[in-house]
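Fold and contact review
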Amino acid sequence: MSENKKAKKTLVIGLGGTGCAVVSGVKRMVREMQAYPDPDIQFIGFDTDKNQEDAPDLDIVLTSTKAKVGEILQNKYHQNWQEWFPDNDSLMDEDMLDGAGQKRVLSRLAFSDVIRRKTPLKVLDDAIKKLTLENGNPQDVALKVMVVSSFAGGTGAGMFMQLPLYLRKKYAEQDMSFSKITIRGLFALPDVFLSSARYDEVQRESMYANAYASLKELAAINMICLSQNPDIRKYT
C-alpha cells in the first residue's frame, strides 16, 4: 500500500499526573465533538501513583507495585542497574504506589519493571490492537504518537525517553504492527507550576533539577542521532 493510502492512526499518551490530566481532558473534548468514537485515535496514560484522580475516564498503566525499590533491584532483570542506581538505604525502602516523589530514577525503574512484568502493559496492547484492526482485519498502519508530560515531576521526567524507545522497538521492529511510527512530545516545564503555593523551596529546586536533567538527556539523544561522526553514530 502506498504511503498516502496507508491508514493513519494516532495514539495519545499521558505520563504522570500532569500528562494524564491533560490527555484525559483532550479525550473528553474529542468525544464531545464526535457523534461516534473515532477508531483512529486512542488515549491512554502511564503513572506511578495508584491514587490518580485527575483522569477518571482514562485507561492507565500503573507502573508501580507494593514491592520496595530494593526488592525490585534484586531481580536479575535489573542486575546491571545496581552499578549506577543511587546507593541510599532510605530510597531502597520506598515503594512507588503513591508516585515517584519527584525522583526520576524511581519512575525509570518502575517502567523497566513493567516491561519485565508485562501484564500491566495490556492497556497499551489493547489500544494498539484497536488501532491496527479495522472490521476485524489487520491494516497497513502508519502510527503517530503524541507523548504529553511534565518535566517537573518524577514520573514523566523519568520515562519520557524510555517509553518512545520501547514503542518503536516493540511495535515497529519486533511485532511489525506498524509500517512507520512518528513520535512527538509535548512537555511542560517547571515555570508552569511555580505559581502554586503547594510547593516549597525544596520541591521547586527538585522540579528544575528534573527538567534540566531531562533536557540534557534529550539533547544527548539528538546529538547522537544527528551526528555524522561514526564513533558517535554507533550508539544509535
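The structure contained in this document is the topic of the report that follows.

How each quantity is defined
- Residues numbered from 1 in each chain as written.
- Predicted model: local features only at pLDDT ≥ 70, side-chain atom pairs only at ≥ 80, totals over all residues.
- Heavy atoms only, no water.
- Helix = DSSP H or I, 4+ residues; strand = E, 2+ residues; numbered from the N terminus.
- Buried < 20%, exposed > 50% of the residue type's maximum accessible area, 1.4 Å probe, protein only.
- Contact = heavy atoms within 4.5 Å.
- Core = buried A, V, L, I, M, F, W, Y, C linked by side-chain atoms within 4.5 Å.
- Salt bridge = Lys/Arg side-chain N within 4 Å of Asp/Glu carboxyl O.
- Patch = residues over 30% accessible without salt bridge, like charges linked within 9 Å, V, L, I, M, F, W, Y side chains within 5 Å.
- Areas by Shrake-Rupley, 256 points an atom, 1.4 Å probe, with all protein chains shown as cover.
- Lys, Arg positive; Asp, Glu negative; His and termini not counted.
- Charge placed at Lys NZ, Arg CZ, Asp CG, Glu CD.
- 1 Å grid on protein atoms, 1.4 Å probe; cavity = no way out; pocket = protein on both sides within 12 Å on 5 of 7 lines; lining within 4 Å.
- Points joined across faces, edges and corners; volume = space filled by probe spheres on them.
- Nonpolar A, V, L, I, M, F, W, Y, C, P; charged D, E, K, R; others polar.
- Axes fitted to C-alpha atoms, helices over the stretch in contact; angles between N-to-C directions.
- Parallel < 35°, antiparallel > 145°, perpendicular 65-115°, else oblique.
- Left-handed = near helix turned anticlockwise from the far one by under 90°.

Scanning the protein from N- to C-terminus turns up 9 helices and 7 strands. Expressed as a percentage of the 236 residues in the protein, the buried residues total 42%. A fraction of 71% describes how many contacts in the protein between residues 6 or more apart in sequence connect residues 24 or more apart.

Core analysis: the largest hydrophobic core is formed by 30 residues, its most contacted members being Leu 11, Ile 13, Phe 46, Leu 124 and Val 145. Mapped onto this core, the elements with two or more residues apiece are strand E1 (7–15), strand E2 (41–47), helix H4 (104–117), helix H5 (122–132), strand E6 (141–150), helix H7 (162–174) and strand E7 (180–188). The element contributing the most residues to this core is H7, with 5 residues. Counting residues in hydrophobic clusters, the runner-up holds 12 residues, among them Ile 72, Trp 81, Phe 85 and Val 105.

Scanning the model with the defined rule gives 10 salt bridges in all. The residue Asp 113 makes a salt bridge to Arg 117 at a minimum N-O spacing of 3.1 Å. Pair noted here: Asp 113 and Arg 117 are both in helix H4, with a separation of 4 residues, about one helical turn. Of the residues examined, Asp 113 reaches a relative accessible area of 3% and is grouped as buried. Connected through shared salt-bridge partners, Arg 104, Arg 108 and Glu 217 make up one network.

With that out of the way, let us pick up a positive patch on the surface. A grouping of Lys 8, Lys 144, Arg 168, Lys 180 and Arg 184 is seen on the molecular surface, where their side chains present a positively charged patch. Tracing the sequence through the fold places Lys 180 in strand E7.

To continue, consider the layout of surface pockets. Quantified by volume, the largest pocket comes out at close to 690 Å³. Lining the largest pocket are 29 residues; nearest its centre among them are Gly 16, Gly 17, Thr 18, Arg 198 and Tyr 199. Secondary-structure elements contributing two or more residues to the lining of the largest pocket are helix H1 (16–33), E6, helix H6 (154–159) and helix H8 (201–226). With 4 residues, the top contributor of residues to the lining of the largest pocket is H1. Partitioned by chemical class, the residues of the lining of the largest pocket number 7 nonpolar, 16 polar and 6 charged.

Below, the discussion takes up the packing of H4 against H7. Contact geometry of H4 with H7 gives a least axis separation of 11 Å together with a crossing angle of 20°. Comparing their axes, H7 and H4 come out roughly parallel. The way H4 lies across H7 gives a crossing that is right-handed. Residue-level contacts link Arg 108, Phe 111 and Ile 115 of H4 to Gln 162, Leu 163 and Tyr 166 of H7. For the contact of H4 with H7, the residue count by class is 4 nonpolar, 1 polar and 1 charged.

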